[in-house]
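Below are the chains, spelled out letter by letter.
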Amino acid sequence: GGIITQTPKFLIGQEGQKLTLKCQQNFNHDTMYWYRQDSGKGLRLIYYSITENDLQKGDLSEGYDASREKKSSFSLTVTSAQKNEMAVFLCASSISPAGSNSDYTFGSGTRLLVI
Amino acid sequence: AQSVTQPDARVTVSEGASLQLRCKYSYSGTPYLFWYVQYPRQGLQLLLKYYSGDPVVQGVNGFEAEFIKSNSSFHLRKASVHWSDSAVYFCAVSANTGKLTFGDGTVLTVKP
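As the structure is a computational prediction, the values presented were derived from the model and not from experiment.

Student: Explain the interface of chain B and chain A to me, please; I cannot follow it from the model alone.
Tutor: By a widespread convention, an interface's size corresponds to the accessible area lost as its parts come together. The partner chain A presents 23 residues to the 22 residues of chain B that form the contact. Taken together, the two surfaces of chain B and chain A that pack against each other cover about 1700 Å², and 52% of this comes from carbon and sulfur. Applying the counting rule to chain B against chain A returns zero salt bridges. Linking chain B to chain A there are five residue pairs in polar contact (both at pLDDT 80 or more). Secondary-structure elements contributing two or more residues to the side of chain B that touches chain A are β5 (32-38), β6 (44-50), β10 (87-94) and β11 (100-102) of chain B. Considering each element in turn, the side of chain B that touches chain A owes the most residues, four residues, to β5 of chain B. Classifying every residue of the side of chain B that touches chain A gives 10 nonpolar, eight polar and four charged.

Okay, here's the thing in structure tokens:
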């Protein structure tokens, strides 16, 4: 079976710092996603990528950059961390972006705390 | 635009009781509908999904959901809950663009 690996699991940053989160999948899935999860809230889409070198903005892309240099990896950068920010970032992948194969497999998340 | 509403932020039931978690969606086209479960400090796991055909879909661990188009609903059900079912449950809708939109989730607590 495959796996989605997110690194780091925990990330503590300082206000204004640029922070990078990484995601690797070995399912050979075409599409990858980054979601942000705040306490008591659902997941909000930040960026997704349909294939290598593709980038699509989600609902929450402001303040973030993303990069899909290889099919197996998708990185997310917080361009300027906000003080007291606390959230979980979840990476996911799917065989295709839509249709019957669009159900996702999720990583276990990166927990961000900004001090 | 698509959206999902889970009207119950928290649900508490006794072990062995039946369960229904409510989900209503908004999407003008034919929706693909999902229920995911999230255990503490883990990612989301797929419980079940609906694409077409029989409106009642069976999932893992005895969960099922029914798609009712006239009501724009996709409620999750289980006949008899176990303490290990305590988790956060998310309903989601997918458009043909591939974008998956989630509800805010329902925290389920099963009392022994």
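Student: What is the right way to read a nonpolar patch on the surface from this model?
Tutor: Residues and elements named next belong to chain A. Residues Ile 12, Met 86, Leu 113 and Ile 115 make up a contiguous nonpolar surface patch of about 420 Å² in total accessible area. Structurally, Leu 113 can be placed in strand β11 (residues 110-114). Relative accessible area serves as the criterion here: at 33%, Leu 113 is assigned to the partly exposed category.

Rules used in this analysis
Residues numbered from 1 in each chain as written. Chains lettered and ligands numbered in written order. Predicted model: local features only at pLDDT ≥ 70, side-chain atom pairs only at ≥ 80, totals over all residues. Heavy atoms only, no water. Contact = heavy atoms within 4.5 Å. Buried area = accessible area lost by both parts, 1.4 Å probe. Salt bridge = Lys/Arg side-chain N within 4 Å of Asp/Glu carboxyl O. Polar contact = N/O pair within 3.5 Å; in protein donor to acceptor, adjacent residues only side chain to side chain. Helix = DSSP H or I, 4+ residues; strand = E, 2+ residues; numbered from the N terminus. Nonpolar A, V, L, I, M, F, W, Y, C, P; charged D, E, K, R; others polar. Patch = residues over 30% accessible without salt bridge, like charges linked within 9 Å, V, L, I, M, F, W, Y side chains within 5 Å. Areas by Shrake-Rupley, 256 points an atom, 1.4 Å probe, with all protein chains shown as cover. Buried < 20%, exposed > 50% of the residue type's maximum accessible area, 1.4 Å probe, protein only.

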